[in-house]
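Architecture at a glance
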Amino acid sequence: MAIQIRTLEGVGAEITAVDLRELSNSEFAAVRGAYADHGVIFFRDQDISEDQHIAFAKRWGPININRFFAAHPEHPEIALVSKERDQQNNIGGGWHTDHSYDQIPAMGSILVARELPETGGNTLFASMYAAYDALSAGFQEMLSTLKAVHSARHIFGEGPSSYYQNTDAGDGRIGNTTAAEKLQDVVHPVVITHPLSGKKALYVNPAFTVRFEGWTEEESRPLLMQLYAHCMGPEFTHEFVWRPGSIAFWDNRATWHFARNDYHGHRREMHRITVEGEPLSG
Ligand code: SIN
């Protein structure tokens, strides 16, 4: 049976009749096209080893070794995204897009479910293509004149307001707060032209965007909050329910994601490989 691509409500596509361990070149091209069009793609029932996960990721580009997350003990390319039974807070427990704090943000991440709670632990995704498209032409034009400043220090850093310092989400899982302190703030266009699809996407996010360039944080907050409320609209989002063998592969330049933290007392472990991206432009 030929590869099947089914568009989901809100955002994303589910791809079936495919085995990621042995993708032909034509199947890879179809998967790549779906990824560019939808911003996030989902696979089910994949029996993929760590080495096969790495091999699949390498077909997309160089792997970004995560500087903050604990790595798999035998595979440094794999970041562990886990929550233990006795932990309260999780990794990724709020709307965000990864790596917007980098000068060249990573393209995206391939997340493989390794251990799941019986219920809960879903991941929400939001389309920044659709959120942009739903704005009026006048608002789109105004936003395209703006740039925004992004930072990782208040999330991964050492300061008193840092998420991973103030919660137990990082305990044993985030090990390198000094890496965040060394990061410079970066500036990206608020509306980007997506490097793969050529489509326009909104590129601000609640976790890492701190203000508009040339504006104070206080001045920036009302417009950022308005954009965030818009982007979280149910018409742009999809809630992915994990099952053993599930894989999600999202594009950081086209989507946000949010890992629900509703499975206290249960363990969840995911393996994440992130692929490097290319420079962004407006
Ligand atoms: C993440 O933000 O990378 C984690 C997503 C998840 O655990 O579902």
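Preceding block: the structure.
Okay, so let's go over this structure. (Residues numbered from 1 in each chain as written. Predicted model: local features only at pLDDT ≥ 70, side-chain atom pairs only at ≥ 80, totals over all residues. Heavy atoms only, no water.)

**So, the site of the ligand**
Spelled out, the test is: When at least one non-hydrogen atom of a residue lies within 4 Å of a molecule or strand, that residue is treated as near it. Under the rule applied, a polar contact is a pair of N or O atoms within 3.5 Å (in protein, one hydrogen donor and one hydrogen acceptor; residues adjacent in sequence only if both atoms are side-chain atoms). Working definition of accessibility: Shrake-Rupley area with a 1.4 Å probe, residue cover restricted to the visible protein chains. Points on a 1 Å grid over protein atoms alone make up a cavity when a 1.4 Å probe fits among them but cannot get out, and a pocket when they form an open set with protein on both sides within 12 Å along at least five of seven lines; lining residues each have an atom within 4 Å of a point. A molecule is said to be in a cavity or pocket once over half of its atoms fall within 2 Å of that pocket's grid points. Labels follow the DSSP assignment, with helices taken as runs of H or I lasting at least four residues and strands as runs of E lasting at least two, numbered in each case from the N terminus. When residues are grouped by polarity, Ala, Val, Leu, Ile, Met, Phe, Trp, Tyr, Cys and Pro land in nonpolar, Asp, Glu, Lys and Arg in charged, and all others, Gly among them, in polar.
Every residue near the ligand is listed here: Val-81, Gly-92, His-96, Leu-111, Thr-123, Trp-250, His-257, Ala-259, Arg-268 and Arg-272. In this structure, His-96 approaches the ligand through a side-chain N or O atom, which is 3.0 Å from an oxygen atom. Within the side chain of Arg-272, one N or O atom sits 2.7 Å away from an oxygen atom of the ligand. For the ligand, whose accessible area on its own is 260 Å², the fraction buried by protein is 100%. The site holding the ligand turns out to be the largest cavity. At the level of secondary structure, the elements contributing two or more residues to the shell around the ligand comprise strand E15 (255–259) and strand E16 (268–275). Grouping the constituent residues of the shell around the ligand by class yields 4 nonpolar, 4 polar and 2 charged.

**What to know about the pattern of salt bridges**
The test is simple: When a carboxyl oxygen of Asp or Glu lies within 4 Å of a side-chain nitrogen of Lys or Arg, that pair is called a salt bridge. Only protein chains enter the accessibility calculation, which uses a 1.4 Å probe; a residue whose area is less than 20% of its type maximum is buried, one above 50% is exposed, and one in between is partly exposed.
All chains considered together, the criterion is met by 12 salt bridges. In this structure, Arg-6 and Glu-14 form a salt bridge, with 3.6 Å as the shortest nitrogen-oxygen distance. Between Glu-115 and Arg-267 there is a salt bridge whose closest N-O contact spans 2.7 Å. Of this pair, Glu-115 sits in strand E6 (residues 108–115) while Arg-267 sits in the loop between E15 and E16; the two residues are 152 residues apart in sequence, bridging distant segments of the chain. By relative accessible area, which is 30% here, Glu-115 ends up partly exposed. Using a relative accessible area of 16% as the deciding quantity, one classes Arg-267 as buried. Several salt bridges share partner residues, and in doing so they unite Glu-84, Glu-115, Arg-267 and Glu-269 into one network.

**Some words on the packing of aromatic side chains**
When we look at a pair of aromatic rings, we describe it by the centre distance and by the angle of the planes. As a reminder, the rule being used: Working definition: rings of Phe, Tyr and Trp (its six-membered ring) pair if their centres are within 6.5 Å, and the pair is stacked with planes under 30 degrees apart, edge-to-face with planes over 60 apart, and tilted otherwise.
Here the structure, examined in full by the defined rule, presents 17 aromatic pairs. Summarising the aromatic geometry, the rings of Phe-42 and Phe-125 are spaced 5.4 Å apart at their centres and angled 70° between planes, so their arrangement reads as edge-to-face. Taken together, the residues Phe-42 in strand E3 (residues 40–43) and Phe-125 in strand E7 (residues 123–127) connect sequence positions 83 residues apart. Taking the relative accessible area as the measure of exposure, Phe-42 reaches 0% and is therefore buried.

**Section: the side chain of His-53**
Rules: Here a residue-residue contact requires only that any non-hydrogen atoms of the pair lie within 4.5 Å.
Structurally, His-53 is set in helix H2 (residues 50–58). A relative accessible area of 0% means that His-53 is categorised as buried. The residues contacting His-53, other than those within four sequence positions of it, are Ile-48, Ile-78, Ile-110, Val-112, Arg-114, His-271, Arg-272 and Ile-273.

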